[in-house]
Amino acid sequence: QKYTAEEKARHAARVKEREARKKERQKQKKALTKQASIAPQATNGGHKTYDASLLKRARNVGGPPYEAFLKYLPHDCTEQQVTQFFAGCGSLEKAPRILKDRATGRVIRGFVTFAEEQGLQNALQKDGHKLGGRNISVTIATTHGTCQQEGTHTPAMASEVVDVLGARHSNGVFVDGTFGRGGHSREILKALGPSGRLHGFDVDEDAIRAGKQLEKQDSRFTIHRAPFSQMLKHLGDKVQGVLLDVGISSPQLDGGRGFRPEVEGPVDMRFDASEQSETALQYLVRVSRQELAAALEAFGGERPAHARRIADAVALAKAEDPSLSSMTTSKLAQLASAAKGHREYQQMHPAKMTFQALRVAVNREFAELRDGLEAATEACGLNGAVAVLTWKHAECAVVVDFQATHSLAEKDSMLLKYSSGVSDSWGVVVDQARRPTDAELRRNSRARSAVLHVHRKSRGTRLSDLEAKAGAVLNWAPHHIPVPAEQRAGCDRWGAGAGKKKK
């Protein structure tokens, strides 16, 4: 499409205006942070002091955590060195946390959390002091400055999940469809009554081992090695609530299955690492250019032009080596980045969306989510709750589409005039979606993308049934239904199985 000179000028002006606004916000934030942590006052001889009112303005909170943000640390700095550096400032709430660059292993920043506000005040006096030959920066942690140790998992919105499921002091039956390392399951078990029951589902071998350990610790819990879409085969009576925390867990992300473009490893990306499941490398070898481009666009959010170029680059690599025998995560990341041919406007690895698309395709995540939502809602009794934690827009879209398809007609619906002959059935009533609180994000920064969707099973007339009846009465032509993404991406050929090889 060609643009006129006037349209180009307007676009350039808008871009320039956005950049100016962004720089102004950054400038204001930097000034506020500096004021909050360093406030020279004549009454103190010009030394750096601490202003609690500015702290509240900077962090929008008036209490703990009393956390300091550290920059310019020595590249080989350790937690012990940081602890010694702040000795005498005050007692620490927990050990210092150090963030390292994944590619180089160098320390890039850190956080220190004090038990009391006075400790943070004293720590700010050490701004600019030397540690390991470097003048480090010590400021108030105004952002959600937490880091998580690799291989661990902090459950997102755990308290909210317990509340919406109605698990507190309940003796009902509940399901954690995505057990992972059991973070949410443990919180639910803490809240349950003595006769309550919890069933966990997962296909990851490490998750099953963790589930077996929890079974030994708490007789109210049972782990099942199965995808959550198959929960009806393992449950007896109706359940009171189901949790689905979709996507990838932190231990899987930090593990060695090739989920990260920044970390060298095999191009695997399977949740179920059993022999009969297909790896991402096998998927790349098998699919056509068109199928791969469709997967990159539908599952990774790549722009159509980028998806085509990456698919073409993979096809060219297969022309030289049909089995892609030397392909690793680093080589795939380099191939995808080079194919896109420009720097990303977002601060993320240019191959991140490619890796996400392959992971979703190999594990059939969206199809599993659709089937799982159906199974979870069917497993619930009337007024039972299904809580779904999503992390990406595409996952959110699957949940919202399911809820819209199964929603019940309101009393003032215009379609109720066509309800004659339409039978009542189960449907869903949707709660307002929730996001993590600021307090939680200060404890667990990885929860920042989480959205908690909740719907409750009820009975009435489905809107979709009324729409079908109205269409028949009015002789309306049906709406065009696009081809499912799994079919276009070449990852639907195993039916309901999670990434099973074709026999």
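Residues numbered from 1 in each chain as written. Predicted model: local features only at pLDDT ≥ 70, side-chain atom pairs only at ≥ 80, totals over all residues. Heavy atoms only, no water.

1. A closer look at the packing of helix H12 (residues 329-340) against helix H13 (residues 352-363)
Between two packed helices, what matters for the description is the angle formed by their axes and the separation of those axes.
Thinking step 1. Interaxial distance between H12 and H13 falls to 9 Å at its minimum, and their mutual angle equals 120°. By the angle class used here, H12 and H13 are oblique. For the element pair H12 and H13, the recorded crossing hand is right-handed. Only Met353, Thr354, Phe355 and Leu358 of H13 make contact with H12, whose side of the interface consists of Thr329, Leu332, Ala333, Ala336 and Lys340.
Thinking step 2. Looking at the contact of H12 with H13 residue by residue, the class counts come to six nonpolar, two polar and one charged. (Axes fitted to C-alpha atoms, helices over the stretch in contact; angles between N-to-C directions. Helix = DSSP H or I, 4+ residues; strand = E, 2+ residues; numbered from the N terminus. Parallel < 35°, antiparallel > 145°, perpendicular 65-115°, else oblique. Left-handed = near helix turned anticlockwise from the far one by under 90°. Contact = heavy atoms within 4.5 Å. Nonpolar A, V, L, I, M, F, W, Y, C, P; charged D, E, K, R; others polar.)

2. Some details on unusual backbone geometry
Thinking step 1. Of note in the backbone geometry, Arg364 takes a positive phi value of approximately 50° without being a glycine.
Thinking step 2. You can see Arg364 is positioned in the loop between H13 and helix H14 (365-379).
Thinking step 3. A residue is classified by how much of its surface remains accessible, and Arg364, at 6% relative accessible area, is buried.
Thinking step 4. If you check the backbone angles, Asn475 has positive phi at about 60° while not being a glycine.
Thinking step 5. If you trace the backbone, Asn475 turns up in the loop between helix H17 (463-474) and helix H18 (485-489).
Thinking step 6. Relative accessible area serves as the criterion here: at 68%, Asn475 is assigned to the exposed category. (Buried < 20%, exposed > 50% of the residue type's maximum accessible area, 1.4 Å probe, protein only.)

3. Brief notes about the pattern of salt bridges
Side chains that carry opposite charge are capable of pairing whenever their charged atoms lie near each other.
Thinking step 1. Summed over the entire model, instances satisfying the criterion amount to 18 salt bridges.
Thinking step 2. In this structure, Arg225 engages Asp272 in a salt bridge whose closest nitrogen and oxygen atoms are separated by 3.6 Å. With Arg225 in strand E9 (residues 221-225) and Asp272 in the loop between helix H8 (250-254) and helix H9 (280-286), this pair connects stretches of sequence that are 47 residues apart.
Thinking step 3. Taking relative accessible area as the criterion, Arg225 reaches 45% and is therefore assigned partly exposed. (Salt bridge = Lys/Arg side-chain N within 4 Å of Asp/Glu carboxyl O.)

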